[in-house]
Amino acid sequence: MNEIEYVFGTGDGIVHHWSGQAELALANTGVADALWLDFDGDGGVDDALWDSDGDGVADVAALDLDDDGVLDHFFTDPTGNGTWSHQITGAPEDAEREPLPWVERDAPAEVTVETARPASNLDLLPDIPLATVDHRTVLAQDTAGPLSPPPWPCGR
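Below you will find a few notes about this structure.

Calculation notes
Residues numbered from 1 in each chain as written. Predicted model: local features only at pLDDT ≥ 70, side-chain atom pairs only at ≥ 80, totals over all residues. Heavy atoms only, no water. Helix = DSSP H or I, 4+ residues; strand = E, 2+ residues; numbered from the N terminus. Buried < 20%, exposed > 50% of the residue type's maximum accessible area, 1.4 Å probe, protein only. Contact = heavy atoms within 4.5 Å. Areas by Shrake-Rupley, 256 points an atom, 1.4 Å probe, with all protein chains shown as cover.

**What to know about the overall build of the protein**
Move 1: A count of helices and strands for the protein gives zero helices and 10 strands.
Move 2: Tracing the protein from N to C terminus, the helices and strands come up as β-β-β-β-β-β-β-β-β-β.
Move 3: Across the 156 residues of the protein, 43% fall into the buried class.
Move 4: Within the protein, residue pairs in contact and separated by at least 24 positions form 36% of the contacts whose partners lie at least 6 positions apart.
Move 5: Carbon and sulfur atoms make up 53% of the accessible area of the protein, which amounts to about 8,000 Å² in all.

Have a look at this one:
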């Protein structure tokens, strides 16, 4: 398993550095690239920190905010202060705060669900379902929590 580094903070400049063993394969490469944790404080270990680019540092917080077993809210930490405060929208104006090459930024106006593929490294990332609303593309990935089997192989 791979070790993933991540930070948490309150925004006051003090960050706490952590690391943990990856135990979940969100990129569907057969290599664990995320770790389970209770990010939202609801008592369930149903959220994940994901190293989507494989550099050993988490760059996406994936949360199951409605506790339905689906990772449905995705955030970045653009300031590096550990607050994970920017929700991924896919909007062109958010590209700087979402330095994620697999986010689709050209979306139709009507509400659709489609599958995005990254522009490069096609074999490294999975098909990622996206929900598109008002020219914004947001992730809507069906990913089960640690207590139920995932709908696709995840390395657990």
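**Focus on the environment of Glu104**
Move 1: Residue placement: Glu104 occurs in the loop between strand 7 (86–87) and strand 8 (112–116).
Move 2: Look at Glu104 and you get partly exposed, because its relative accessible area is 25%.

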